[in-house]
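For reference, the chains in residue letters:
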Amino acid sequence: MVEIIFQSKSDAIKFYNHLQKWLKHDPVYENVLLHEDRHIVKISKDSLTNEILEAIKAAFYEFITTVKRDDWLKDILKNQYYFEDIEEQQQILDILYSVLDGGREDLAVFLKETNFEKMIKDAIDHVIADNVKFSFDSFLKFRLRSYLQLLQNYIEISIDEYKMEQEYQMFVQMLRDFLADREPIMALLHLLFDDDITFFDEQFVEIKRGELAKMIDRKLLVNHPVYIDSASIAPLLSLAPTKIFLYTKNAEAPLVRTIKNIFEERVIIKPFQALREIKSKKIEDHSSQQYG
């Protein structure tokens, strides 16, 4: 027999339904009982095999790391950080899940590496055995305190990233609005993105830094001195080209993505080597015409 006491009726019902899914192909399924009035889930079979106990442990682990994890995270967001909007909560959780899944190494470096899977499974091994009765909330308080603190850390990192992304989107929209009201000074511009950005005009003649500096609209630097990169974004916005050919080895580099986000359909990404090839061809054509 295994008996788990929950503080809330909803948690008892959630675990009961979750456990039934795990044990539905096993004869012990019929012995899973829910005492709603007392918030108890009970596997009432007199003696449980190791196989059944392992299945209960697996179900319990998944219940903690999926069903209850989401409840805890939403509760932290709402009651500790006052994010009550469902859509806003989900955007933060999407960031958090990407960290958990290993998709955001840039954020994971800020977190102390912890093997929470082993931590939780070890705690479950300590409490689930044949002929045992325990409180789920006491289990959380005494056995999973480190895991809940880990979730708190993930939440904090994800909120910081969410706020930065919101600020970035506002920044991009502000520059789009500036661009929308600006007449193009140059129809076509070529950008070579390497360690630095090099500007070329329609004829593939390099525009020197001194020339670019003279073209910058000073209102950009005065109104937004912190955000505007005077070496790339400021001259681009000032020139407001109708079309930009951007030659790069990495189309996902942060500055490349920012240029794409601001200028949208005006930007055409090209392979890094393409500009060199085009310039070489133009030199060959020019030589052929001159000496042909």
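Just above, that's the structure.
Here the structure is a predicted model, which is why all the values come from computation and not from measurement. (Residues numbered from 1 in each chain as written. Predicted model: local features only at pLDDT ≥ 70, side-chain atom pairs only at ≥ 80, totals over all residues. Heavy atoms only, no water.)

J.: Any chance you could explain the layout of surface pockets here in plain terms?
T.: Taken as a whole, the largest pocket encloses approximately 480 Å³ of empty space. Considering the residues around the largest pocket, the lining is formed by 15 residues, among which Glu161, Met164, Glu165, Tyr168 and Arg257 are closest to the centre. Contributions of two or more residues to the lining of the largest pocket are made by helix 7 (145-180) and helix 11 (254-263). If one sorts the elements of the lining of the largest pocket by residue count, helix 7 sits on top with 9 residues. Classifying every residue of the lining of the largest pocket gives 6 nonpolar, 5 polar and 4 charged. (1 Å grid on protein atoms, 1.4 Å probe; cavity = no way out; pocket = protein on both sides within 12 Å on 5 of 7 lines; lining within 4 Å. Points joined across faces, edges and corners; volume = space filled by probe spheres on them. Helix = DSSP H or I, 4+ residues; strand = E, 2+ residues; numbered from the N terminus. Nonpolar A, V, L, I, M, F, W, Y, C, P; charged D, E, K, R; others polar.)

J.: Is there a simple way to think about the environment of Phe178 in this case?
T.: In this structure, Phe178 sits in helix 7. A C-alpha to C-alpha distance of 19 Å links Phe178 and Gln166, two positions 12 residues apart in sequence. Excluding anything up to four places from it in sequence, Phe178 contacts Asp217, Leu220 and Leu237. (Contact = heavy atoms within 4.5 Å.)

J.: Honestly, the sheet that holds strand 1 (residues 2-5) in this entry has me stumped. Any pointers?
T.: Strands in a sheet are paired, the pairing made by backbone hydrogen bonds, and the direction either parallel or antiparallel. Here 4 strands make up an open sheet; going across it, the order is 2-3-1-4 and the pairing mixed. Each of the sheet's edge strands pairs with one partner strand only, and the pair in question is strand 2 (32-35) and strand 4 (132-135). Here the strands of the sheet are splayed against their neighbours by 15° on average, with no regard to which way each runs. Relative to strand 4, strand 1 runs parallel, the two being bridged by 4 bridges. Note on strand 4: the bridge partner recorded for Val2 is Val132. Taken strand by strand, helix 6 (residues 136-143) contacts strand 1 and strand 4, and its axis lies near 70° from that of strand 4. (Pairing = 2+ DSSP bridges. Axes fitted to C-alpha atoms, helices over the stretch in contact; angles between N-to-C directions.)

J.: Mind showing me how you'd approach the packing of aromatic side chains here?
T.: Here the distance between the centres and the angle between the planes together describe a pair of aromatic rings. If you walk through the whole model with that rule in mind, you get 14 aromatic pairs. Taking the centre distance of 5.8 Å and the plane angle of 70° together, the rings of Phe60 and Phe136 count as edge-to-face. One end of the pair, Phe60, is in helix 2 (residues 50-79); the other, Phe136, is in helix 6, and 76 residues separate them in sequence. Each of the two residues, Phe60 as well as Phe136, counts as buried. Above the ring of Tyr61, the side-chain terminus of Lys121 is found at 4.9 Å from the ring centroid. (Phe/Tyr/Trp six-rings, centres within 6.5 Å; stacked < 30°, edge-to-face > 60°. Buried < 20%, exposed > 50% of the residue type's maximum accessible area, 1.4 Å probe, protein only. Lys NZ or Arg CZ within 6 Å of the ring centre and 35° of its normal.)

J.: Looking at this structure, how should I read the packing of helix 2 against helix 5 (residues 116-127)?
T.: For any two helices packed against each other, one specifies the crossing angle of their axes together with the interaxial distance. Axis separation between helix 2 and helix 5 bottoms out at 10 Å; the angle between their running directions is 130°. Here helix 2 is positioned oblique relative to helix 5, judged by the angle of their axes. Crossing hand, helix 2 versus helix 5: right-handed. Here Lys57, Phe60, Tyr61, Ile64 and Thr65 of helix 2 come into contact with helix 5, specifically with Glu117, Ile120, Lys121, Ile124 and Asp125. Tallied by class, residues from the contact of helix 2 with helix 5 come to 5 nonpolar, 1 polar and 4 charged. (Parallel < 35°, antiparallel > 145°, perpendicular 65-115°, else oblique. Left-handed = near helix turned anticlockwise from the far one by under 90°.)

J.: It is not clear to me how the sheet that holds strand 5 (residues 188-193) should be interpreted in this structure. Could you clarify?
T.: Read across the open sheet, the 5 strands follow the order 7-6-5-8-9; overall the sheet is mixed. Bordering the open sheet on either side are strand 7 (206-207) and strand 9 (267-271), each of which pairs with just one other strand. Across 5 bridges, the pairing between strand 8 (residues 243-248) and strand 9 is parallel. Paired with Leu246 across the two strands is Ile269, which belongs to strand 9.

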